[in-house]
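A structural walkthrough
If you want the building blocks of each chain, they are given just below.
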Amino acid sequence: MNYYIYENYLGKFYILEMDGFITGLSTDEKDIPSDSKEYLSEPIKDCIAELEMYFKGELKRFTVPIVYNGTKFQESVWNALLNIPYGETRSYQEVAEEVGSEKAVRAVGGANNKNPLMILIPCHRVIGKDGSLVGFGGGLELKSELLNLESLNKGEK
């Protein structure tokens with residue numbers, strides 16, 4: 001497994017790659033496996049290029065190859081998150097309903113918390129039922145920044 005530390009105006013991001021797939025994007029250094037090596041692979045370069053375009057408001061949907069493993073429920077939530085359009089939000093309740101488990105609001109929150117690919121799988125687009133910003137692995141300040149970025153750029157092509 002390879003990793004690389006990408007820094008921009010929002011902070012440090014740890015990108016993980018294995019066998020040509022991005023397997024992790026996090027703001028927590030603890031997410032780097034101890035047996036991985038720092039290496040700027042082509043898939044990581046592609047991920048950085050897309051992240052830079054995203055942060056400039058020029059990219060609405062990521063195309064870098066990703067792979068993720070979780071429970072069946074977690075993966076259903078992560079797949080649902082991929083369908084939330086750029087610049088829009090959904091409540092935890094709405095995501096629970098979309099995955100066919102309307103009473104599993106807390107479990108949706110737990111799946112969001114375990115999302116290995118923040119931003120690429122846009123868990124920042126999930127908010128409280130009352131519209132409040134709650135729960136984000138990168139911190140609520142980063143969540144707010146990402147939502148503001150998307151709000152400002154959602155109408156542009």
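Coordinates for the structure precede this section.
This write-up is about the structure you can find in this document. Please read all numbers here as calculations on a predicted model, not as lab measurements.

**A closer look at the side chain of Gln93**
Mapping Gln93 onto the fold places it in helix H3 (residues 92–98). A distance of 2.9 Å separates a polar atom in the side chain of Gln93 from the backbone oxygen of Glu102.

**A short note on the environment of Gly139**
Note that Gly139 resides in the loop between strand S6 (126–127) and helix H5 (140–153). Taking the C-alpha atoms as reference points, Gly139 and His124, separated by 15 residues in sequence, lie 9.8 Å from one another.

**Comments concerning the environment of Glu102**
Structurally, Glu102 can be placed in the loop between H3 and helix H4 (105–113). Not counting chain neighbours up to four residues away, the residues in contact with Glu102 comprise Gln93, Ala96 and Glu97.

**So, the pairing of strand S2 (residues 11–18)**
One ladder, built from seven bridges, connects strand S1 (residues 2–8) with S2; its direction is antiparallel. For Glu7, the partnering residue across the bridge sits in S2 and is Lys12. Sheet topology note: the S2/strand S3 (residues 21–26) ladder contains five bridges and is antiparallel. Residue pairing for S3: Ile15 is matched across the bridge by Leu25. Hairpin connection of S2 to S3: two residues between the antiparallel strands, including Asp19 at a positive phi of 55°.

**So, helix H1 (residues 42–55)**
Relative to the 20 Å expected for 14 residues at 1.5 Å per residue, H1 spans 20 Å between its end C-alpha atoms, a close match to the ideal helical length. Of the surrounding elements, those touching the buried residues of H1 are S1, S2, S3 and H5. With its phi angle positive at about 80°, Gly57 sits one or two positions after the end of H1.

**Considering helix H2 (residues 72–82)**
Of all the residues in H2, the buried ones are Gln74, Val77, Trp78, Ala80 and Leu81. Here the buried residues of H2 occupy an arc of 155° about the axis, which is enough to place them on one side. On its buried face, H2 is in contact with H3, H4 and S6.

**Description of the sheet that holds S2**
Strand order in the open sheet formed by four strands is S3-S2-S1-S4, and the pairing between neighbours is mixed. Strands with a single pairing partner mark the edges of an open sheet, and in this sheet they are S3 and strand S4 (37–38). Sheet strands touched by H1: S1, S2 and S3. Its angle to S1, the strand with the most contacts, is close to 25°.

**Structural notes on unusual backbone geometry**
Peptide bonds are mostly trans, and most non-glycine residues show a negative phi. Although it is not a glycine, Asp19 adopts a positive phi angle of roughly 55°. The phi dihedral of Ile119 is positive, around 75°, even though this residue is not glycine. Relative to the helices and strands, Ile119 resides in the loop between H4 and S6.

**Thoughts on the packing of aromatic side chains**
What the rule picks out here adds up to seven aromatic pairs. Both rings, one in Tyr54 and one in Phe55, keep their centres 5.4 Å apart while their planes meet at 70°; by these two values the pair is edge-to-face. Tyr54 gets classed as buried once you look at its relative accessible area, which sits at 0%. According to the relative accessible area criterion, Phe55 is buried, its value standing at 8%. Here the aromatic rings of Tyr54 and Tyr86 are separated by 6.2 Å at their centres, their planes lie at 85°, and the arrangement is edge-to-face. One end of the pair, Tyr54, is in helix H1; the other, Tyr86, is in the loop between H2 and strand S5 (90–91), and 32 residues separate them in sequence. Tyr86 sits in the buried class, given a relative accessible area of 11%. Members of the aromatic cluster, joined through ring pairs, are Tyr6, Tyr9, Phe13, Tyr54, Phe55, Phe62 and Tyr86. Note that Lys37 overlies the ring of Tyr39, its terminal NZ or CZ placed 5.4 Å from the centroid.

Criteria and thresholds
Residues numbered from 1 in each chain as written. Predicted model: local features only at pLDDT ≥ 70, side-chain atom pairs only at ≥ 80, totals over all residues. Heavy atoms only, no water. Helix = DSSP H or I, 4+ residues; strand = E, 2+ residues; numbered from the N terminus. Polar contact = N/O pair within 3.5 Å; in protein donor to acceptor, adjacent residues only side chain to side chain. Contact = heavy atoms within 4.5 Å. Pairing = 2+ DSSP bridges. Expected span 1.5 Å × (residues − 1). Buried < 20%, exposed > 50% of the residue type's maximum accessible area, 1.4 Å probe, protein only. Arc of directions from axis to C-beta. Axes fitted to C-alpha atoms, helices over the stretch in contact; angles between N-to-C directions. Phe/Tyr/Trp six-rings, centres within 6.5 Å; stacked < 30°, edge-to-face > 60°. Lys NZ or Arg CZ within 6 Å of the ring centre and 35° of its normal.

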